[in-house]
Amino acid sequence: MSMTLPVPATGSTPALVLRPWRADDVEALVAAHRDPVLRSHTRHPLRDATEARRWVIRAGQGWAAGRRFSFAVCEVTGTSERLVAHVLLKEVVPGRPDAEVGYWTAADARGRGVASRALEALSDWAFTRFAAAGLTRLELLHQIDNPASCRVAEKTGYAFVEVLPARPPWPLDGHRHVRLRRTPPASTAAPASGRCPAPAVPSTAR
């Protein structure tokens, strides 16, 4: 199973497309991982094209297994696409009510709403696609030095639930955010119950 998720343009931002990773994404993937901020908050940063090719292959295997769904997020201008982010749905198990989402944003795409727009599209797709399998709850996890992820979570209906103690390979405590099926974005829902009190850095797909 594979598919493409379109995200319409806004008055100030281009359209996005979420799609499975392809072999021709390798160069852009390596370039994104050269960002020192992304590298410092990614469990397995990609150092070269060989590692990126292996990562793309594993992403395809996740789709084939039906448990891990990695999307390349691209800005669309005319007929061209530019990689700007990655969003991920993982730990999908039939009959299990919860799964996890994650993401990262390329350095030159931060601060433009890419992450929240892509995560909203991913979340809506996940709840629709896996409703019959019993999916009712999505979790977003990040370290406490990542208030940018709290802001993205709030924009997309993921309420702060609890602090998680540090555990390898993550050196800092974390935050758990949760979105339930049919929960609207935070602009129309009740406020999240907590905030992340630290300097902004990009979220990572754990």
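Student: Where do I start with the pattern of salt bridges in this structure?
Tutor: Oppositely charged side chains can pair when the atoms bearing their charge come close. For the structure shown, the criterion picks out 16 salt bridges. Linking arginine 19 and aspartate 25 is a salt bridge whose minimum nitrogen-to-oxygen distance equals 2.8 Å. Residue classification places aspartate 25 among the buried residues on the basis of a relative accessible area of 6%. Measuring nitrogen to oxygen at the nearest pair gives 2.4 Å for the salt bridge that ties aspartate 35 to arginine 110. One end of the pair, aspartate 35, is in the loop between α1 (26-32) and α2 (36-40); the other, arginine 110, is in the loop between β5 (98-105) and α4 (114-129), and 75 residues separate them in sequence. The class for arginine 110 is partly exposed, based on a relative accessible area of 28%. The network of salt bridges with shared partners includes Glu75, Arg82, Asp108 and Arg112.

Student: What is the right way to read the side chain of threonine 13 from this model?
Tutor: Residue position: threonine 13 is located in the loop between β1 (5-7) and β2 (15-20). Take threonine 13: its relative accessible area is 12%, and that puts it in the buried class. Among the polar contacts made by the side chain of threonine 13, one reaches the side chain of threonine 10 at a distance of 2.4 Å. Looking at threonine 13, its side chain comes within polar contact range of the side chain of arginine 117, at 3.2 Å. With sequence-adjacent residues up to four places away left out, threonine 13 is seen in contact with Arg112 and Arg117.

Conventions we followed
Residues numbered from 1 in each chain as written. Predicted model: local features only at pLDDT ≥ 70, side-chain atom pairs only at ≥ 80, totals over all residues. Heavy atoms only, no water. Salt bridge = Lys/Arg side-chain N within 4 Å of Asp/Glu carboxyl O. Buried < 20%, exposed > 50% of the residue type's maximum accessible area, 1.4 Å probe, protein only. Helix = DSSP H or I, 4+ residues; strand = E, 2+ residues; numbered from the N terminus. Polar contact = N/O pair within 3.5 Å; in protein donor to acceptor, adjacent residues only side chain to side chain. Contact = heavy atoms within 4.5 Å.

As far as function goes, none of this settles anything; it's purely spatial.
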